[in-house]
Amino acid sequence: MQPIRIVSLNRVIRWTAAAVLGACLAGAAPPALAAAPSATVSADQALRFGTFFTDTSGSRTVSATGAVSGSAIVPLTGTAPAPAQFTFTYDRGNNANVAYSLLISVLVPGTASQVSGGVTGTIARFDTDLPGISTLIPGQTAQITLTGCQRRICSRTFRVGGTLQIARTSGGAQLAIPLPIVVTVLAEL
């Protein structure tokens, strides 16, 4: 009896009970099962807007490529601006040496903001260097096909930039606004 292979987003190899029993009676070890596919996203670097001053309101943009611009701000020495960097890793669960692509969705769940003292900071516009898209709109998924996966584990590093809007009524603040990213594997192609 031949094994039955079931392929889906959660790729699993299943063997019929008769095949496993037959292999055990023949003295052979039962066939190995593939692991379930898994995906992870690691935050390698935070989105940093650097150190600057604004009288009442202003904005600073740090693009996914690292370009920096500002409006109604005065740059100061201190922390250098830089885009966020993430690494997406997909483990297909088996060592099949077959090239594949991944259809994934990327989501920034919502606007990111923080209030500290008399300063309010909000990041509501994001850009990325992921292939095929340039803008990430909070609350909307963007679908991307990652090509060129050759091995069991396929990784891609990508960057995310954004525009920080600042409103200041008094004082100063050091803002640390988290940037959550959700990546979902939709299909292995």
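Because the structure is a prediction, the values reported are computed rather than measured.

Basis of the calculations
Residues numbered from 1 in each chain as written. Predicted model: local features only at pLDDT ≥ 70, side-chain atom pairs only at ≥ 80, totals over all residues. Heavy atoms only, no water. Helix = DSSP H or I, 4+ residues; strand = E, 2+ residues; numbered from the N terminus. Buried < 20%, exposed > 50% of the residue type's maximum accessible area, 1.4 Å probe, protein only. Contact = heavy atoms within 4.5 Å. Core = buried A, V, L, I, M, F, W, Y, C linked by side-chain atoms within 4.5 Å. Phe/Tyr/Trp six-rings, centres within 6.5 Å; stacked < 30°, edge-to-face > 60°. Pairing = 2+ DSSP bridges.

Looking at the environment of glycine 93
Piece 1. In this fold, glycine 93 is placed in the loop between β8 (84-91) and β9 (100-107).
Piece 2. Glycine 93 sits in the buried class, given a relative accessible area of 4%.
Piece 3. For the pair glycine 93 and alanine 36, spaced 57 residues apart in the sequence, the C-alpha separation amounts to 5.2 Å.
Piece 4. Dropping the residues within four chain positions of it, glycine 93 is found in contact with Ala34, Ala35, Ala36, Pro37 and Arg152.

Overview of the nonpolar core
Piece 1. Counting 35 residues, the largest nonpolar core has Phe88, Leu102, Ile104 and Val160 as its most contacted members.
Piece 2. At five residues, strand β14 (residues 153-170) tops the list of elements feeding residues into this core.
Piece 3. Residues within four places of leucine 102 in sequence aside, it is in contact with Phe88, Tyr90, Ile144, Thr145, Leu146, Cys149, Val185, Ala187 and Glu188.

Concerning the packing of aromatic side chains
Piece 1. The final tally for this structure, using the stated rule, is two aromatic pairs.
Piece 2. Aromatic pair phenylalanine 86 and phenylalanine 158: ring centres 5.6 Å apart, planes at 25°, arrangement stacked. Residue phenylalanine 86 is found in strand β8, and its partner phenylalanine 158 is found in strand β14; the two are separated by 72 residues along the sequence. Here phenylalanine 86 matches phenylalanine 158 in class, with each residue buried.

What to know about the pairing of strand β11 (residues 118-128)
Piece 1. The pairing of strand β10 (residues 112-116) with β11 spans five bridges and is antiparallel. Residue alanine 112 lies in a different strand from β11, and its bridge partner there is isoleucine 123.
Piece 2. Inspection of the sheet shows β11 paired to β14 by ten bridges, in the antiparallel sense. When the bridges of β14 are listed, isoleucine 123 appears paired with leucine 164.
Piece 3. In this structure, β11 lies alongside strand β12 (residues 135-136), joined through two bridges in antiparallel fashion. Bridge assignment links aspartate 127 to a residue of β12, and that residue is threonine 135.
Piece 4. The hairpin turn running from β11 into β12, its antiparallel successor, is six residues long, and glycine 132 in that turn takes a positive phi close to 90°.

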